[in-house]
Amino acid sequence: QVQLVESGGTLVQPGGSLRLSCAASGFAFSQYRMAWYRQAPGKERNVIASIGLNNNIAYYTAAVKGRFTISRDHAKNTVYLQMNSLKPEDTAVYYCQTHLGRDNYWGQGTQVTVSS
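The present account deals with the structure reproduced in this document. (Residues numbered from 1 in each chain as written. Predicted model: local features only at pLDDT ≥ 70, side-chain atom pairs only at ≥ 80, totals over all residues. Heavy atoms only, no water.)

1. Structural notes on the pattern of salt bridges
As a reminder, the rule being used: When a carboxyl oxygen of Asp or Glu lies within 4 Å of a side-chain nitrogen of Lys or Arg, that pair is called a salt bridge. Runs of E in the DSSP output that reach at least two residues are strands. Runs of H or I that reach at least four are helices, and both are numbered from the N terminus. For every residue, the accessible area (1.4 Å probe, protein chains only) is compared with the maximum for its type, and the residue is labelled buried under 20%, exposed over 50%, or partly exposed between those bounds.
This model, assessed by the stated rule, comprises 2 salt bridges. In this structure, R38 engages D90 in a salt bridge whose closest nitrogen and oxygen atoms are separated by 2.9 Å. You can see R38 sitting in strand β4 (residues 34-39) and its partner D90 sitting in the loop between β8 (78-83) and β9 (92-100), a full 52 residues away along the chain. Just as R38 is buried, D90 falls in that class too. Close ionic contact of D90 with R67 constitutes a salt bridge, the shortest N to O distance being 2.8 Å. Residue D90 is located in the loop between β8 and β9, and its partner R67 is located in the loop between β6 (58-60) and β7 (68-73); the two are separated by 23 residues in the primary sequence. The pair D90 / R67 is uniform in exposure class, with both members buried. A cluster of three or more residues bridged by salt bridges with shared partners is formed by R38, R67 and D90.

2. Focus: the pairing of β7
So the rule is basically this: Only when DSSP finds a minimum of two bridges between them are two strands counted as paired.
Taking every second residue as pointing to the same face, the buried face of β7 carries F68, I70 and R72, while none of T69, S71 and D73 on the other face is buried. Both β7 and β8 contribute to a ladder of 6 bridges, which runs antiparallel. Directly across from R72, in β8, lies its bridge partner V79. Following β7, the chain reverses through 4 residues before pairing antiparallel with β8; N77 in that reversal takes a positive phi of roughly 50 degrees.

3. What to know about the packing of aromatic side chains
The following threshold applies: Planes of paired rings set the category: under 30 degrees apart is stacked, over 60 is edge-to-face and the rest tilted, where pairs are Phe, Tyr or Trp rings (Trp by its six-membered ring) whose centres lie within 6.5 Å. Whether a charge sits over a ring depends on NZ of Lys or CZ of Arg being within 6 Å of the ring centre and within 35 degrees of the ring normal.
Enumeration over the complete set of coordinates arrives at 4 aromatic pairs. Each ring, one from Y37 and one from W106, has its centre 4.7 Å from the other, and the planes form 75 degrees; the classification is edge-to-face. In this pair, Y37 sits in strand β4 while W106 sits in strand β10 (residues 103-106), placing the two residues 69 residues apart along the sequence. Exposure remark for W106: the relative accessible area of 34% places this residue in the partly exposed category. Three or more aromatic residues joined by ring pairs form one cluster here, namely F27, F29 and Y32. Here R45 stacks its cationic end above the ring of Y95, 3.6 Å away from the centre of that ring.

Purely geometric numbers; function is a separate question.
Take a look at the structure:
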């Protein structure tokens, strides 16, 4: 079955960097768009970055553009989110997501806390 497993979330100081990973299995990873969402306490879950089948096609929401980079490794069936210049407002649970047919699939999420 489809599985998405995020890792890499932790407590980091403002201005720091972090790389999240999402290991995918159970589907033809290289043939599907992948995305990262985040959900802060009391707020909706929103997409922050997505990537097409190739690393040269990516979308970023304005809040993270220029600071975050999404990438994918087809050999490892993994999508990454490199986060630089982190701010307290980046604190959230980060989720990996893909859409297959009529269904959305999500990972369990990984907590990122940006605080001094």
